[in-house]
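# Close look at the chain arrangement
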Amino acid sequence: MSLSPSAGTLRLSAYDYPLPESLIARYPLPERDQSRMLTLGRASGEMAHRRFEELPQLLAPGDLVVLNNTRVLPSRLIGHREGFSGRVEVLMLHPAGGNEDPLVWEAMARPARKLAPGTRIVLNASAATLTVVSRAEEGRVRVRVDLGEEFSSETESGVYALMARVGQIPIPPYLRREAEAADAQTYQTIFAKAPGAQAAPTAGLHFTEKTLAALRTRGVEITEITLAVSSGTFRHVTSDDITQHRMDPEHYDVSPQAAQAIEATRARGGRVVAIGTTVTKTLETVASRHGGRIVAEAGWSELFIHPGFTFQTVDAMLTNFHLPQTTLLMLVSAFAGRDRILAAYHEAIAQSYRFYSYGDCMLLI
């Protein structure tokens, strides 16, 4: 299904909406599956108010739910420049030195303007240090990790061990609080397995073992793919012509089992239900590269889905409520129509839904 972009839907200003500060969910609910769920008909625009625990009842035997099993790394490292006391935050993204130097990593840093090449960053609660190798735009840096004598492995695994010991879960900046101990569990899905993400696939946060069991009892199949959600998910769109925006690359992996399950579902006429924008982006990336087919492969996606995009695989989508003027809001607008999406957002605000990562969700069907 594709929806032709109407006049103005390719302008950044078309994706703004007012949100009361009080509706930003700064903490999750005690029970994941008790989130509210607004259902929106893609074709009709019809809305209904439900609870997430009702999801299995809204799907049919033979449908396929696709989850993102990525795991959020405790990748925020806190320290200070050697010889100074001011706080420095470094968000470790991914290895960038290849086999030649596995201790060189791509990262985001704050304040990056003070981190010239050669600057050493002393980490809190660890003898390890980071040395800035290079600096790019928008806060990006490359750093080399000196693990010292604290870790036995002078390899990529040693960096993961460092993060596990002293790193923080990188909760979204709009929560306006420091990460707390509970976030290490609540900002992970219950099916998180593959480490590498800097942000959670938040539509998956609503799932419980009870939900998964109810889906299987209903005759709904479940499969998993991986997309390592990058910090770019929060990067602002700065061009008023949204088609000029470029996405940060994110690594994905579609297993042979997942590809087979998706193709079998399509062959029998079942619906492919993407749990989140990350699953949608992954499946549509693979489909766009293989003539509409889903095949097993790993790679990097820079796909920007906005109104006018033709969807080839995903039939329904569960998604949280997204920030104004973001690529995520543009993606769901491409899927269900900008006017319908914004009407649903205004209805959610009127009904005091909880917004963003720890908030409530929508089922676009």
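One can find the structure itself at the top, above this paragraph.
Throughout what follows, the structure given in this document is the object of discussion. (Residues numbered from 1 in each chain as written. Predicted model: local features only at pLDDT ≥ 70, side-chain atom pairs only at ≥ 80, totals over all residues. Heavy atoms only, no water.)

## A closer look at the overall build of the protein
Stated formally: The way it works is that DSSP assigns letters per residue, a run of H or I at least four long becomes a helix, a run of E at least two long becomes a strand, and they are numbered from the N terminus. Between the two quantities, the radius of gyration covers C-alpha atoms and the globule rule is 2.2 Å times the number of residues to the power 0.38. It only takes one pair of heavy atoms within 4.5 Å for two residues to be counted as in contact. Here the open area of atoms and residues is found with the Shrake-Rupley method and a 1.4 Å probe, where only the protein chains shown may cover a residue.
Across its full length, the protein holds 8 helices and 17 strands. The C-alpha atoms of the protein give a radius of gyration of 21 Å, which matches the 21 Å a tight globule of 365 residues would have. Based on the C-alpha atoms only, the size of the protein along its principal axes is roughly 60 × 40 × 40 Å. By sequence separation, contacts in the protein at least 24 residues apart represent 70% of the contacts at least 6 residues apart. Within the structure as shown, the protein displays about 15400 Å² of accessible surface, and the carbon and sulfur contribution to it stands at 50%.

## Details of helix α8 (residues 338-350)
Worth spelling out the cut-off: Helix span is expected to be 1.5 Å times the residue number reduced by one. Buried residues are those whose accessible area, probed at 1.4 Å on protein chains only, stays under 20% of the maximum for their type, while exposed residues exceed 50% and partly exposed ones sit between those limits. It is the directions from the helix axis to the C-beta atoms whose arc is reported.
Compared with the 18 Å implied by 1.5 Å per residue over 13 residues, the 18 Å span of α8 between its first and last C-alpha is a close match. All of the buried residues along α8 are I341, L342, A344, Y345, A348 and I349. All buried residues of α8 project into a common sector of 155° when viewed along the axis, lining one side. In α8, the exposed positions that point more than 90 degrees away from the buried face belong to D339 and A350. Buried positions along α8 lie against β1 (36-40), β2 (47-51), β16 (316-320), α7 (327-336) and β17 (361-364). Just past α8, the residue S352 takes up positive phi, approximately 60°.

## Focus on the pattern of salt bridges
The condition that has to hold: What counts as a salt bridge is simple: a side-chain nitrogen of Lys or Arg found within 4 Å of a carboxyl oxygen of Asp or Glu.
Counted under the stated rule, the structure contains 21 salt bridges. When the shortest N-O distance is used, the salt bridge between R176 and E21 registers 2.9 Å. Here R176, found in the loop between α2 (156-166) and α3 (183-186), pairs with E21, found in the segment before β1; they are 155 residues apart in sequence, far enough to count as distant. R176 gets classed as exposed once you look at its relative accessible area, which sits at 64%. Take E21: its relative accessible area is 36%, and that puts it in the partly exposed class. Where R140 meets D248, a salt bridge forms, and the shortest distance between an N and an O atom there is 3.2 Å. Here R140, found in strand β10 (residues 140-146), pairs with D248, found in the loop between β12 (221-227) and β13 (250-254); they are 108 residues apart in sequence, far enough to count as distant. Each member of the pair, R140 together with D248, is buried. By sharing partners, the salt bridges in this structure join R76, R87, E89, R110 and E178 into a single network.

## A closer look at the nonpolar core
Note on soluble globular proteins: their nonpolar side chains tend to be buried together. In plain terms, the rule: Take the buried residues of types Ala, Val, Leu, Ile, Met, Phe, Trp, Tyr and Cys, join any two whose side-chain atoms come within 4.5 Å, and each joined set is a nonpolar core.
In this structure, Y187, L283, I341, F355 and M362 are the most contacted members of the largest nonpolar core, which totals 67 residues. In terms of residue count, α7 provides more of this core than any other element does, 7 residues in total. Setting aside anything within four residues of it in sequence, one finds L283 in contact with V66, I225, I262, V272, I294, T313 and V314. Formed by 23 residues, the second largest nonpolar core is a distinct cluster that contains L73, I121, V141 and V145.

## Some thoughts on the packing of α7 against α8
Convention followed: Axes here refer to lines fitted to C-alpha atoms; in helices the fit is confined to the stretch in contact. Angles between the N-to-C directions go from 0 to 180 degrees. Classes in brief: Ala, Val, Leu, Ile, Met, Phe, Trp, Tyr, Cys and Pro nonpolar; Asp, Glu, Lys and Arg charged; the others, Gly included, polar.
At their nearest, the axes of α7 and α8 sit 7 Å apart, and the two run at 115° to each other. On the side of α7, the interface is formed by L329, V332, S333 and A336, while α8 contributes R338, R340, I341 and Y345. Residue composition of the contact of α7 with α8, grouped by class: 5 nonpolar, 1 polar and 2 charged.

## Focus on the pairing of β10
Convention followed: Strands pair, by our definition, only if DSSP identifies at least two bridges between them.
Pairing analysis gives 5 bridges linking strand β7 (residues 104-110) to β10, with the strands arranged antiparallel. Looking across to β10, one finds that A107 is bridged to V141. Both strand β9 (residues 129-135) and β10 contribute to a ladder of 6 bridges, which runs antiparallel. Within β10, the position partnered with T131 by the bridge is R144. The antiparallel pairing of β9 with β10 creates a hairpin that spans 4 residues between the two strands, and E138 there sits at a positive phi of about 55°.

## Topic: the sheet that holds β16
Strand order across the open sheet formed by 9 strands is β2-β1-β17-β16-β14-β3-β12-β13-β15, with mixed pairing between neighbours. Edge strands, defined here as strands with exactly one partner in the open sheet, are β2 and β15 (297-301). The sheet shows a mean angle of 25° between the axes of neighbouring strands, taken without regard to direction. The sheet strands contacting helix α5 (residues 256-268) are β3 (64-68), β12, β13 and β14 (272-275), and the helix crosses β12 at an angle near 130°. Sheet strands touched by helix α6 (residues 277-289): β3, β12, β13, β14, β15 and β16. Its angle to β13, the strand with the most contacts, is close to 75°.

## Structural notes on the environment of F207
Within the element layout of this structure, F207 appears in the loop between β11 (194-197) and α4 (209-218). Residue F207 is classed as buried on the basis of its relative accessible area of 0%. For the pair formed by F207 and Q257, sequence separation is 50 residues and the distance between their alpha carbons is 21 Å. Look past the residues within four positions of F207 in its chain and what remains in contact with it is R32, F52, L55, L67, I190, F191, L212, L215, I275 and L318.

## Considering the layout of surface pockets
Any empty space left between the atoms is revealed when a probe the size of a water molecule rolls over them. Inclusion rule: Think of a 1 Å grid over the protein atoms and nothing else: a 1.4 Å probe that fits but is trapped marks a cavity, an open set flanked by protein within 12 Å on at least five of seven lines marks a pocket, and residues with an atom within 4 Å of a point count as lining. Grid points are joined across faces, edges and corners, and a volume is the space filled by probe spheres set on the points.
Reported here for the second largest pocket is a volume of approximately 380 Å³. Forming the walls of the second largest pocket are 22 residues, and the residues nearest its centre are H94, G196, A228, H251 and W300. Elements with a contribution of two residues or more to the lining of the second largest pocket: β6 (87-95), β11 and β13. Partitioned by chemical class, the residues of the lining of the second largest pocket number 10 nonpolar, 8 polar and 4 charged.

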